[in-house]
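Inside the fold
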Amino acid sequence: MARWCYRHRLVVLFLWVGALFGLGAAGSAAGTDYANVFSLPDTDSKTAYDLMTKAFPQSAGDTDTVVWKVDEGSVRDESVRSRLEPALKEIAAMKGVGEVTDPYAAEGAAQISEDGRIAYAQVTFAEQANAVPKELIEDVVDTAQAAQRDGLQVELGGQAIARTQEPPQGTAELVGIVAAAVVLFLAFGSLFAMLLPLVVAIAALGTGLMATSLLSHVTDVPEVAPLLGSLIGLGVGIDYALFIVTRHRRGILRGMKPQDAAVTALNTSGRAVLFAGGTVCIALAGMLVMNMRFLDGVVVATSLTVVLSVLAATTLLPALLGMLGMRVLSRRQRRRLTANGPESAEASGLAARWSSYVEKRPRSIAAGALVVMVILALPVLSIRLGATDQGNHQESQTTRQAYDLLAEGFGPGFNGPLQVVVEKGDAQALATTIKSTEGVAQVAAAPPANGISVIQVVPTTSPQSEKTDQLIDRLRDDVIPASGAEAHVGGVTAVFKDFAAVTGDRLPYFVATIIGLGFLLLLVAFRSLVVPLTAALMNLIAAAASFGVLVAIFQWGWGTEFIGIGKEGPITAFLPVIMLSLLFGLSMDYQVFLVSRMHEEWVHTRDNARAVRVGLAETSRVINCAALIMICVFSAFVLSGDMEGAMAGIGLAAAVALDAFILRTALVPAAMHLLGNSNWWLPEGLEKRLPHLAVEPKEDEPASVVTEPDGPASAVHGFVRNADGEAVEGASVSLLSRGGRQLDRVVTLADGSYIVSVPAPGTYLLAVSAASYGSRAGHVVVADGPLVYDVELAEGEVDAVN
């Protein structure tokens, strides 16, 4: 397929452009229909929600709040009333506004605080927040705040109002792409090579987001799903293309033609990308075990984006490689290739030195890495799941100001009232009992409708307080059963409490599912029990440390205001499930790319120390580069304007950094050195029963070095001479596989003769270089017997490919 895409590059490019614009047009015409379905089956809050929907079907619109406060006097003063009443009447007259409750009306006395300095009006729109036109919301905000003057503060809160504070759509994605472009340019040193992963990721992300918007019309997709899809899509899309482009460039630098290099890259790193993408999708699908409708849409959006990222990397990318040809290398690299010939297959530089250092000191490195991860994981012991609200917004935002004013004037619990929905029994008697319950500030019973009564309960504590959770338990376990009534506690605060409880109960099953599936995949791929066990343990360590960082920043408040996130609070209830899915998928990616190269070397040499050393030396640089890109992309989502998006971005950025720079670069290779050959142990009985799944294509096994051309193994032999026919002594002769791996290397004798061993019949690359002479590299085809191949070197002459 890679060869077909390479040769028919214009067709592939046309298909991708057509799909992108076709889905874009369809998405623009259909619009979006995102829905936040937080309710959970078989929970008390879900029962309360269903009863309220049945009793009050007309209360479908979003309700927001206008709050005002005077520094001196009372909000009842004529100077204040004359400014606010006309503004509220103007808002009520706007098309799309259903009702405005005026505190100055006869029934609005309860909307003025006891000290008379704070009042509020409720604005009910005709639609839910995501369906209200943004122009209407902005008109409401402008009209209300136009009533401000010195000594009179006017703020607005609510879900619809919060939409006016969102940064321009795509800001986080754009910042992430720019940051990734800088890292790619520094890594490749080539503008064209830098653009390749970005174009592939943008194509996959664009089609994924458009397809998700269309799917929102046929299934429940939450508003946060496209944001999470963008977050994971950009990260894996750029990374997958990076791995393939790196392998392609390495093949060219080692003497392969661009087409052969592309095919080899897709047949090696492309296979790893397919496997890695599959593991990410499996980890994401693990969320379905939680049986939460809210997460189903997240699974759809994120999995679809990952699948399209893999598809783009394996089809669009080879087509783009075909369009670029040799220009995928920088000009300096092309000049050096022409002047010096192919590069050596042996890894060198900082990565090789670090790999050798890990081999020499595995115990100290493993111990140091483990200590760092344990210290970072300690805060996770105090994690508290809950919900963020507008009280967590930045202090400068009007929603945060409105939240604080309502808490000041009417108590902290006013921002998160509970709804006790009475199905059977005396609602008034229950309301009286609830009013005398510890932790209750206010109680108001609404007139019954369709046989259902609703009692609104305002706690004395804020929605995020643990005491509010205790009040909900007290009402459910003691107060309501003792009253003899059949009632249920609902409201946003109760829904998120139930969500957190269900998440905590089902999380162990979810973690066991994704770890078990990952273990089976790695077991089949690497034919080892220890490698998947090590991967599972490392994933748990990475998860604990990343959640420790998340708790320290968002729950303890270490730097939240500094980085512009807002006020500290509990960790959003659904975030652990989403983050664990993404984290386990991404961690598996790095494990696959790292261990697949180690496994390849182990198969050929049966030397564990060499396999670990070579695998780390050849993959650590690209893994670290990929991780740096993901960190940039994920961190940029702090700018998304969404608290959950910021949490996921910071948490995943921390997880990727710890995983790539500490676990995969230090702890995993150190542990594998300590474990020795047992890394690759698999019982014989299990070996026979397991299916074969190759992450990397099976290369030929090495043959023993031959000493004579007519020995039992195949060989390439001949003479290296100069243009005058004189023998060239001390010339370096290397035999490389089509994938660029060095198979044998010798130095010519005094008569210019050489002989290199060949593992099996096939096509290989023979590279020859000598001081004071040019370099030659050519493809040789070896049949069943030895091949005679003479090489002529000339001063200043270079034949880099043939």
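What this report covers is the structure whose coordinates are included nearby.

As summarised here, the arrangement of the four strands in space is β7-β8-β6-β9, forming an open sheet in which the pairing is antiparallel. Lying at the two open borders of the sheet, with one neighbouring strand each, are β7 (440-445) and β9 (486-490). On average, adjacent strands in this sheet sit at an angle of 25 degrees to one another, irrespective of strand direction. When strand β6 (residues 418-424) meets β9, the two strands line up antiparallel, connected through five bridges. Within β9, the position partnered with K424 by the bridge is E486. Packed onto the sheet, helix α17 (residues 466-483) meets β6, β7, β8 (453-459) and β9 and runs at close to 175 degrees relative to β9.

The next point concerns the pattern of salt bridges. Note on pairing: side chains with opposite charge can pair once their charged atoms come close. Counted by the stated rule, this structure contains 10 salt bridges. Note that D260 and R3 form a salt bridge whose closest N and O atoms lie 3.9 Å from each other. Here R3 lies in helix α1 (residues 2-7) and D260 lies in helix α10 (residues 258-285), a separation of 257 residues in the sequence. For D260, a relative accessible area of 16% corresponds to the buried category. With its nearest N and O atoms 3.2 Å apart, the salt bridge here joins R81 to E85. Residue R81 and its partner E85 are both found in helix α4 (residues 78-92); the two are separated by four residues, about one turn of the helix.

Taken across its seven residues, β6 has five buried, putting it largely inside the fold. Across five bridges, the pairing between β6 and β8 is antiparallel. Paired with V420 across the strands is I455, a residue of β8.

It is worth spelling out a negative patch on the surface at this point. Judged by side-chain charge, E90, E135, E138, D139 and D142 come together as a negatively charged surface patch. The leading source of residues in the negative patch is helix α5 (residues 134-145), at four residues. With respect to the secondary-structure elements, E135 resides in helix α5. Look at E135 and you get exposed, because its relative accessible area is 54%.

Cut-offs used in this document
Residues numbered from 1 in each chain as written. Predicted model: local features only at pLDDT ≥ 70, side-chain atom pairs only at ≥ 80, totals over all residues. Heavy atoms only, no water. Pairing = 2+ DSSP bridges. Helix = DSSP H or I, 4+ residues; strand = E, 2+ residues; numbered from the N terminus. Axes fitted to C-alpha atoms, helices over the stretch in contact; angles between N-to-C directions. Contact = heavy atoms within 4.5 Å. Salt bridge = Lys/Arg side-chain N within 4 Å of Asp/Glu carboxyl O. Buried < 20%, exposed > 50% of the residue type's maximum accessible area, 1.4 Å probe, protein only. Patch = residues over 30% accessible without salt bridge, like charges linked within 9 Å, V, L, I, M, F, W, Y side chains within 5 Å. Areas by Shrake-Rupley, 256 points an atom, 1.4 Å probe, with all protein chains shown as cover. Lys, Arg positive; Asp, Glu negative; His and termini not counted. Charge placed at Lys NZ, Arg CZ, Asp CG, Glu CD.

Interpretation note: all reported values are geometric properties and have no functional meaning in isolation.
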